[in-house]
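Next come the chains, spelled out residue by residue.
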Amino acid sequence: MDLKRRKNGKENEVGGAINKLPEVLRCHILSFLSTKDAALTSVLSKSWRDLFTLIPSLDLDDSTFMPDERPEECERTSFMEFVNRVLALHSNSPITKFSVRCHKGVDSYLVGDWVVKALRRGATDVTLILLFPSRLLHTCTHPNIFFHGQNLIKLKVGCGGLGPFQHSLFREDVIFTKLRTLHLISIDISRHYGDVIFARLLSKCPVLEELIVNCIKWHGWKSGASVSSSTLKRLTIDCEHYYHESDYMLRHGPDEEDSDNLGEPLVVPAHFGTQKPRYVSFDTPNLIYLNYADFVALNYPLVKLDSLVEARLDVGPNQGQMRARDSDEFQAPWDATNLIMGIHNVQTLHLTSDTLEVIADFCKMVPVFHNLNHLSIESDDERGWHALPLLLINCPSLQTLVFHGLYHRVTDGCGDACDCISPWSSSSCLSSCPVKILNILNFGATCGEMSLVKHFLKKMPLLEQLAIVLDLDASLEEDLHLSQVFEDLRMAPRASPKCKLEVVNY
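Thresholds, definitions, all that
- Residues numbered from 1 in each chain as written.
- Predicted model: local features only at pLDDT ≥ 70, side-chain atom pairs only at ≥ 80, totals over all residues.
- Heavy atoms only, no water.
- Helix = DSSP H or I, 4+ residues; strand = E, 2+ residues; numbered from the N terminus.
- Buried < 20%, exposed > 50% of the residue type's maximum accessible area, 1.4 Å probe, protein only.
- Contact = heavy atoms within 4.5 Å.
- Areas by Shrake-Rupley, 256 points an atom, 1.4 Å probe, with all protein chains shown as cover.
- Expected span 1.5 Å × (residues − 1).
- Phe/Tyr/Trp six-rings, centres within 6.5 Å; stacked < 30°, edge-to-face > 60°.
- Pairing = 2+ DSSP bridges.
- Salt bridge = Lys/Arg side-chain N within 4 Å of Asp/Glu carboxyl O.
- Core = buried A, V, L, I, M, F, W, Y, C linked by side-chain atoms within 4.5 Å.
- Axes fitted to C-alpha atoms, helices over the stretch in contact; angles between N-to-C directions.
- Parallel < 35°, antiparallel > 145°, perpendicular 65-115°, else oblique.
- Left-handed = near helix turned anticlockwise from the far one by under 90°.

Naming follows an unreviewed UniProt entry, where the protein chain appears as FBD domain-containing protein of Brassica napus.

Shown next as structure tokens:
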């Protein structure tokens, strides 16, 4: 009994201490909770009753109202009533951040009305994610949804079914004069006039600094895809997960005719992720960071990236392009030369294994990367290193080289950057390589990997540090332990006597 009293006493002390905190501090604590959880605190005491209505940020997600089993059966009425009541209670309070995420069953026009109310109350950061079937999204075109968005600083808009947001987002009388960050997810821009509409959208963002676009449907744009902005500093374009809305539907909100299949796993069509763009241009002279993932385009007419500091490229061939490349009479109609030449000023460069093959197969030349000091390569056992020797030769200032795995397709095209074909070659592009730091991640310590590391040690004269991170998920050959890997490599001949070796596992 005494123990129970002491326990209750401590809980009361903690509760009393929180109640004594200033109101502004308690509001700050509540801002880290979802709006639903923050509203639950109103039952704690009289002083907490209306406190959540003073929080300037609202995070509304109808999934918190769903049962754990078969959430698609949940009625959304309670969620809509909750949001309407919260906004009514907030009628005299400013809103700075507004986020709403909902599925089929929520009145789509009502969602637009919520956004309008938030914007009228001064919201500068808005997130709108609608996981509706594409057919229903055509009703979610509130005519004034972004009419009051002049004060927006950050906007994130997305939907699971590629909905037509251009009816409101691309209105001619809407200008985002303060918008600095724009994030678009699966936005369906007109197939034939998408280039015009997208250009119009960017022109309505005169101070935009960051643009993130996921799953954009730009492969069919009439004049090709183009990103043009003189103010843009950070750009992320991820098109590798593009899908056809006619063949692919998120099971978050199936159509009525598919009601018998509710809750089934997501079914991906065979041609998922195969659509390639015709032309892609980047007219972004002040861009500092570029993250671009897509299938290689027919051409890149304009690539203006004069200020680029860091680039991450995941540009690869689709199945059709790979079949054409592997044919005996291959003449590539696709040309990625301008894209690679356009990033010649970068200081940090991350390349996937697909991009390495694009450089080898779809580029007529490779620039000299005078400013490049950090190069990161992702490896794949089905992709070759054909482009690696030329890349290393064309990086005279390279200081750090990172490999995410050493496994790659063994061909004579790898050249002398590895020992796959000619381990006893006396010449090597590595002999003139200026790299001082070599990091190898996801190392499996197979015979091939161990031999390749010894090849690096033997050929790289300026190497000062070699750091290897073991892949714990891989079964180390012959049960090699960390100490054995270290000892084996420590005894290997090396071109640089001052090279320090480190082997770790995470």
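That covers the picture; the talk isn't over yet.
Colleague: Is there a simple way to explain the overall build of the protein chain in this structure?
Modeller: A count of helical and extended segments in the protein chain gives 14 helices and 18 strands. For the protein chain, the residues scored as buried account for 49% of the 506 residues in total. A fraction of 73% describes how many contacts in the protein chain between residues 6 or more apart in sequence connect residues 24 or more apart. Accessible surface for the protein chain amounts to roughly 24,200 Å². Of this, 51% is attributable to carbon and sulfur atoms.

Colleague: Explain helix α5 (residues 108-120) here, please?
Modeller: Taking 1.5 Å of rise per residue, the 13 residues of α5 would be expected to cover 18 Å, and the 19 Å separating its terminal C-alpha atoms lies within 8% of that figure. After α5 finishes, the residue Gly-122 shows a positive phi value of roughly 95°.

Colleague: For this particular structure, what's the right way to read the packing of aromatic side chains?
Modeller: Two aromatic rings are characterised by how far apart their centres lie and by the angle between their planes. Following the criterion strictly, the structure yields seven aromatic pairs and no others. A ring pair is formed by Phe-282 and Tyr-292, whose centres lie 5.2 Å apart and whose planes are at 75°; its orientation type is edge-to-face. Separated by ten residues along the polypeptide, Phe-282 in strand β9 (residues 280-283) and Tyr-292 in strand β10 (residues 289-295) bring together distant segments of the chain. Since its relative accessible area comes to 0%, Phe-282 is described here as buried. Note on Tyr-292: relative accessible area 0%, which makes it buried.

Colleague: What is the right way to look at the sheet that holds strand β7 (residues 225-228) in this model?
Modeller: Strand-to-strand pairing in sheets goes through backbone hydrogen bonds, with the strands running parallel or antiparallel. With respect to topology, three strands assemble into an open sheet ordered β7-β9-β11, the strand pairing being parallel. Bordering the open sheet on either side are β7 and β11 (303-304), each of which pairs with just one other strand.

Colleague: Just to check I follow, could you spell out the pattern of salt bridges for this structure?
Modeller: A side chain with one charge may pair with a side chain of the opposite charge, provided their charged atoms come close. On inspection of all chains with the given rule, the structure shows ten salt bridges. We note a salt bridge from Arg-180 to Glu-209, for which the minimum N-O separation is 2.9 Å. Within this pair, whereas Arg-180 is found in the loop between α7 (166-169) and β5 (181-185), its partner Glu-209 is found in the loop between α8 (194-203) and β6 (210-214), the two being separated by 29 residues in sequence. Given a relative accessible area of 28%, Glu-209 falls into the partly exposed group. Note that Glu-357 and Arg-383 form a salt bridge whose closest N and O atoms lie 3.9 Å from each other. Linking Glu-357 in helix α11 (residues 353-362) with Arg-383 in the loop between β14 (374-378) and α12 (388-393), this pair joins segments that are 26 residues apart in sequence. Both residues of the pair, Glu-357 and Arg-383, belong to the buried class. Sharing partners across several salt bridges, the network here consists of Asp-354, Glu-357 and Arg-383.

Colleague: I would appreciate a short explanation of the nonpolar core in the present structure.
Modeller: Within soluble globular proteins, side chains that are nonpolar tend to cluster in buried spots. In terms of nonpolar packing, the biggest core is built from 122 residues, with Phe-98, Trp-114 and Tyr-292 touching the most fellow members. Excluding anything up to four places from it in sequence, Phe-98 contacts Leu-58, Leu-60, Leu-87, Trp-114, Val-115, Ala-118, Ala-123, Asp-125, Val-126 and Thr-127.

Colleague: It is not clear to me how the packing of helix α13 (residues 447-459) against helix α14 (residues 482-490) should be interpreted in this structure. Could you clarify?
Modeller: Packed helices, taken two at a time, are described by the angle their axes make and the gap between the axes. Where α13 contacts α14, the two axes come as close as 10 Å, and the packing angle between them is 40°. One element, α13, and the other, α14, form an angle in the oblique class. As α13 packs across α14, the resulting crossing turns out to be right-handed. Between α13, through Met-450, Val-453, Lys-454 and Leu-457, and α14, the contact on the second element is made entirely by Val-485, Asp-488 and Leu-489.

Colleague: Explain the environment of Ile-145 to me, please; I cannot follow it from the model alone.
Modeller: Residue position: Ile-145 is located in the loop between α6 (134-137) and β4 (154-159). Taking relative accessible area as the criterion, Ile-145 reaches 1% and is therefore assigned buried. Taking the C-alpha atoms as reference points, Ile-145 and Gly-112, separated by 33 residues in sequence, lie 5.5 Å from one another.

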